[in-house]
Amino acid sequence: MKKLIAAASLCVASFSVQAAITVPEYDLNAGKQIAETVCAACHGVDGVSPVPAQPNLGGQNVKYLYKQLVNFKAGYRKNGIMQSQVANLSQQDLANVAGYYSSQKPWGVAFGNPATTQEASKLFLGGDKSRGVIGCAGCHGPDAAGNVWAAFPRLGGQHAEYIATQLKLFRAAGRVDDIDSDEQKRVNDAAKEGEMGMMQTVASKLSDRDIRILSDYVSAIH
């Protein structure tokens, strides 16, 4: 319980930033049209991605989705494919497609690794104090359902491959790793450019094994 409280306290500092996200009124039909023509190949029309490297979006937090799209368009979150996809979309278009995907039925669950479930569960719920690893549940919830008010995303059932990639991108940014491209790190969890974000801080303590077992575990939570 103490570990969960400590993890939750880390999230409090970012609540005001995340809560400040205001999604414009959106048109679900307009959002569906964008999803069908721009997004479906990677994320599915209904938000269930056929590509393990790409995230499921159906039923995801609308604030989170809108923020990510805005960040991609602004270049704050780096990904060549996504930046090209949103380049010709307006802010209203971004709100429409975020609203549409958030209104869809939440995606299902994948299969975890029974051999590492117990170990991953302890790490997810309580972290590892001896290594300075903070548990994920404080922000994303014990069931990985996320936090709608704070715009923390739902993780439960998400593709393990995608989760692992994002943790590695956050880790690379948190450790200020010497990497070849800005696309190999993710910094858009910070309130301001140049500051260390919460996910960068948390992921910087994770080993490759931590990331692997956490990703498998999260993909099976429901």
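- If you look the protein chain up in an unreviewed UniProt entry, it shows as Cytochrome c, class I from Psychrobacter cryohalolentis.
- Quoted verbatim from the Subcellular location (unreviewed entry) heading of the UniProt record, the comment on the protein chain is "Periplasm".

**Some words on the UniProt feature "binding site: heme c 2" (unreviewed entry) in the protein chain**
Here is step 1: The sites that UniProt annotates as "binding site: heme c 2" (unreviewed entry) are Cys-136, Cys-139, His-140 and Met-199. Across 64 residues in sequence, these annotated residues keep their C-alpha atoms within 11.5 Å of one another, forming a single compact spot.
Here is step 2: Mapped onto the elements, Cys-136 comes out in the loop between α6 (117-126) and α7 (137-140).
Here is step 3: The residues contacting Cys-136, other than those within four sequence positions of it, are Leu-123, Phe-124, Gly-141 and Leu-214.
Here is step 4: Secondary-structure assignment places Met-199 in helix α9 (residues 198-203).
Here is step 5: For Met-199, the residues in contact, after removing those within four places along its chain, are His-140, Leu-167, Phe-170 and Asp-189.

**Focus: helix α8 (residues 160-174)**
Here is step 1: Across its 15 residues, α8 extends 21 Å between first and last C-alpha, which sits within 8% of the 21 Å expected from 1.5 Å per residue.
Here is step 2: With 11 of its 15 residues buried, α8 lies for the most part within the structure.
Here is step 3: Residues of α8 that are buried: Tyr-162, Ile-163, Ala-164, Gln-166, Leu-167, Leu-169, Phe-170, Arg-171, Ala-172, Ala-173 and Gly-174.
Here is step 4: Packed against the buried residues of α8 are α9 and α10 (208-220).
Here is step 5: Immediately beyond the C-terminal end of α8, within one or two residues, lies Val-176, with a positive phi of roughly 50°.

**Remarks on the pattern of salt bridges**
Here is step 1: In the structure shown here, the tally under the stated rule is four salt bridges.
Here is step 2: Among the ionic pairs, Arg-131 bridges to Asp-210, the shortest N-O distance being 2.8 Å. Taken together, the residues span a long stretch of sequence, with Arg-131 in the loop between α6 and α7 and Asp-210 in helix α10 at a distance of 79 residues.
Here is step 3: For Asp-210, a relative accessible area of 5% translates into the label buried.
Here is step 4: Between Arg-171 and Asp-208 there is a salt bridge whose closest N-O contact spans 2.7 Å. With Arg-171 in helix α8 and Asp-208 in helix α10, this pair connects stretches of sequence that are 37 residues apart.

**A closer look at the domain arrangement of the protein chain**
Interfaces are often sized by the amount of accessible area the parts lose when they come together.
Here is step 1: For the protein chain, the domain assignment lists domain 1 (26-101) and domain 2 (114-217).
Here is step 2: Here the C-alpha centroids of domain 1 and domain 2 sit 22 Å apart.
Here is step 3: Facing the 20 residues of domain 1 at the interface are 21 residues of domain 2.
Here is step 4: The junction of domain 1 with domain 2 conceals about 1800 Å² of combined surface from both sides, 45% of it contributed by carbon and sulfur atoms.
Here is step 5: The interface formed by domain 1 and domain 2 holds zero salt bridges in total.
Here is step 6: Run the count over domain 1 and domain 2 and you get 18 residue pairs in polar contact (both at pLDDT 80 or more).
Here is step 7: For the side of domain 1 that touches domain 2, the element with the highest residue contribution is helix α3 (residues 62-74), accounting for five residues.
Here is step 8: The residue makeup of the side of domain 1 that touches domain 2, split by class, is six nonpolar, 10 polar and four charged.

Rules behind the numbers
Residues numbered from 1 in each chain as written. Predicted model: local features only at pLDDT ≥ 70, side-chain atom pairs only at ≥ 80, totals over all residues. Heavy atoms only, no water. UniProt positions renumbered as here; feature names shortened; annotations may be inferred. Helix = DSSP H or I, 4+ residues; strand = E, 2+ residues; numbered from the N terminus. Contact = heavy atoms within 4.5 Å. Expected span 1.5 Å × (residues − 1). Buried < 20%, exposed > 50% of the residue type's maximum accessible area, 1.4 Å probe, protein only. Salt bridge = Lys/Arg side-chain N within 4 Å of Asp/Glu carboxyl O. Domains from an automatic or database assignment. Buried area = accessible area lost by both parts, 1.4 Å probe. Polar contact = N/O pair within 3.5 Å; in protein donor to acceptor, adjacent residues only side chain to side chain. Nonpolar A, V, L, I, M, F, W, Y, C, P; charged D, E, K, R; others polar.

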